[in-house]
Amino acid sequence: QVQLVESGGGLVQPGGSLRLSCGASAIEWDYYAIGWFRQAPGGEREGIACFGSADRDVVYLDSAKGRFTVYRDNAQNTINLEMTNLTSEDTAVYYCGAALRCSPRPVYFRSWGQGTQVTVSS
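Rules used in this analysis
Residues numbered from 1 in each chain as written. Predicted model: local features only at pLDDT ≥ 70, side-chain atom pairs only at ≥ 80, totals over all residues. Heavy atoms only, no water. Disulfide = S-S within 2.5 Å. Helix = DSSP H or I, 4+ residues; strand = E, 2+ residues; numbered from the N terminus. Buried < 20%, exposed > 50% of the residue type's maximum accessible area, 1.4 Å probe, protein only. Lys, Arg positive; Asp, Glu negative; His and termini not counted. Salt bridge = Lys/Arg side-chain N within 4 Å of Asp/Glu carboxyl O. Polar contact = N/O pair within 3.5 Å; in protein donor to acceptor, adjacent residues only side chain to side chain. Contact = heavy atoms within 4.5 Å.

Chemist: How should the state of the cysteines be read in this particular structure?
Modeler: The bond known as a disulfide is covalent and runs between the sulfur atoms of two cysteines. By the definition in use, this model includes 2 disulfides. Note on cysteine connectivity: Cys-22 is disulfide-linked to Cys-96, with sulfurs 2.1 Å apart. Between Cys-22 and Cys-96, the S-S dihedral sits near 75°, and the bridge is therefore right-handed. Taken together, the residues span a long stretch of sequence, with Cys-22 in strand S3 (residues 18-24) and Cys-96 in strand S9 (residues 92-99) at a distance of 74 residues. Paired by a disulfide, Cys-50 and Cys-102 hold their sulfur atoms 2.1 Å apart. Taking the sign of the S-S torsion, -85° for the link of Cys-50 and Cys-102, the bridge is left-handed. Residue Cys-50 is found in strand S5 (residues 46-51), and its partner Cys-102 is found in the loop between S9 and strand S10 (109-112); the two are separated by 52 residues along the sequence.

Right, here's the structure in full:
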């Protein structure tokens, strides 16, 4: 299994932007996909986007389409989630996970980071 660490969360005003990063001890693109998920207070963990060998930059969450972008930062060896036009509904703990294939379902992801808090508030 790979070891994952999320970073980049924090407090941001509505309409602002954040860039989250998922760092991995080893990302072997022949075998693993990296997905971004979030979990709001009292809610379920929901899939946002995924970056993998077959699906390089798929966004699952309808509310994120057009606002969120997932990509690989080759210099930092991270999978980043660029978030723009943030609203209070984006407030959640954001996680990255590793799976054999991209999926919006968290059950298929073998390894998880500890999460990073994103709070959108005035």
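Chemist: Got a minute to help me understand the side chain of Glu-6 in this structure?
Modeler: Secondary-structure assignment places Glu-6 in strand S1 (residues 4-7). Within the buried core, Glu-6 has no salt-bridge partner, and the shortest N-O distance to an opposite charge, that of Arg-45, equals 7.0 Å. At 3.4 Å, the side chain of Glu-6 and the backbone nitrogen of Gly-113 are in polar contact. Within the structure, the side chain of Glu-6 is placed 2.7 Å from the backbone nitrogen of Gly-115, a separation counted as a polar contact. Sequence-distant contacts of Glu-6, defined by excluding residues within four places in its chain, comprise Ser-21, Trp-36, Tyr-94, Tyr-95, Cys-96, Gly-113, Gln-114, Gly-115 and Thr-116.

Chemist: For this particular structure, what's the right way to read the side chain of Arg-38?
Modeler: You can see Arg-38 is positioned in strand S4 (residues 33-39). Judged by relative accessible area, Arg-38 falls into the buried class, the value being 5%. Polar contacts involving the side chain of Arg-38 include one to the side chain of Asp-90, which spans 2.8 Å. For Arg-38, the residues in contact, after removing those within four places along its chain, are Glu-44, Arg-45, Glu-46, Ile-48, Leu-61, Ser-63, Phe-68, Glu-89, Asp-90, Ala-92, Val-93 and Tyr-94.

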